[in-house]
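# Structural overview
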Amino acid sequence: MPKGVRLNMLALASPTPGSVPRIGALVLAAGAGSRMGHRPKCLLQQGGMSLLERQLQALSLAGVAPIRVVLGHHAKRILQEGALARWSAQPVLNPQPDDGHVSSLRAGLRALPSGLDAVVVALADQPLIDVRAVQALLQAFAQRPVGTQLLQPSVQGLPGNPVVFTCTVMAQILAGDVDMGARQWQQAHPEAVYRWETRDGHYRLDVDNEADRQALEQLTGQSLRWPHDLDL
């Protein structure tokens, strides 16, 4: 694994006194990219690094492991990029990616090992999530109000990503029907959801279409470019 500063996981709230919580991650990257010319958005490059690799770097350097990347459409091309291998992330194939995020989430949760205390669920197309953003998210999760089991960042009252939730939530989602995902779990258990208010707009920013790509450049001065073989 590439070297970098890791979050001190001992600072996180532990299930038992003195233990170090084990926090894994899912990165959802199964979409067709229909609003981007049917290209994999996660392979847009920022400063020569794909958005997917930026997510894997941020999670890994924050000490999150293991990491699973849920693939569907464009799986072969995404794997060719090599980012999963470089960051010791394992692919999980969603055989029905057109069923949406819930199906990808459930496929990813089933592929995680037992014994995790919590999981971070990240989107593969958020260009400004870095290691500091992941560290802040995990610290907020560690300090969440007693009785809450899922944290979602909130920017000016609007929901953001990634989200973090406990192994209890993982088990309850998988025990539910095929339409049960993180959003549905929140609706069923509002008392167990912590809306973490933050001023960091990075948690709200993703890239769904060309307008989003252009807005990012205007907002930050950072451009997103397609790899040569995907530049239509």
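This report concerns the structure included in the present document. (Residues numbered from 1 in each chain as written. Predicted model: local features only at pLDDT ≥ 70, side-chain atom pairs only at ≥ 80, totals over all residues. Heavy atoms only, no water.)

### Considerations on the environment of Ile78
Here Ile78 shows up in helix H2 (residues 75–81). A relative accessible area of 1% places Ile78 in the buried class. Between the C-alpha atoms of Ile78 and Leu138, which are 60 residues apart in sequence, the distance is 27 Å. In contact with Ile78, other than residues within four places in its own chain, are Ala29, Pro40, Cys42, Leu43, Leu52, Leu71, His73 and Leu84. (Helix = DSSP H or I, 4+ residues; strand = E, 2+ residues; numbered from the N terminus. Buried < 20%, exposed > 50% of the residue type's maximum accessible area, 1.4 Å probe, protein only. Contact = heavy atoms within 4.5 Å.)

### Side note on the nonpolar core
Judged by nonpolar contacts, the single largest core of 49 residues is most densely connected at Val27, Leu52, Leu56 and Val69. Elements with a minimum of two residues in this core: strand S1 (23–29), helix H1 (51–61), strand S4 (67–71), H2, helix H3 (83–86), strand S6 (118–123), helix H5 (131–142) and strand S7 (150–155). Top element by residues in this core is H5. It accounts for 7 residues. Those residues in contact with Leu52 that sit more than four places away from it in its chain are Val27, Cys42, Val69, Ile78, Glu81, Leu84 and Ala124. With 23 residues, the next largest nonpolar core counts Leu112, Val119, Val121 and Val193 among its residues. (Core = buried A, V, L, I, M, F, W, Y, C linked by side-chain atoms within 4.5 Å.)

### With respect to the pattern of salt bridges
Summed over all chains, the structure comprises 7 salt bridges. One salt bridge in this structure joins Asp208 and Lys41, with 3.0 Å as the shortest N-O distance. Here Asp208 is found in the loop between strand S10 (193–197) and helix H8 (210–220), whereas its partner Lys41 is found in the loop between S1 and strand S2 (45–46), with 167 residues between them in sequence. Two residues, Glu210 and Arg213, come together in a salt bridge whose shortest N-O distance is 2.8 Å. Of this pair, Glu210 and Arg213 both sit in helix H8, separated by 3 residues, roughly a single helical turn. (Salt bridge = Lys/Arg side-chain N within 4 Å of Asp/Glu carboxyl O.)

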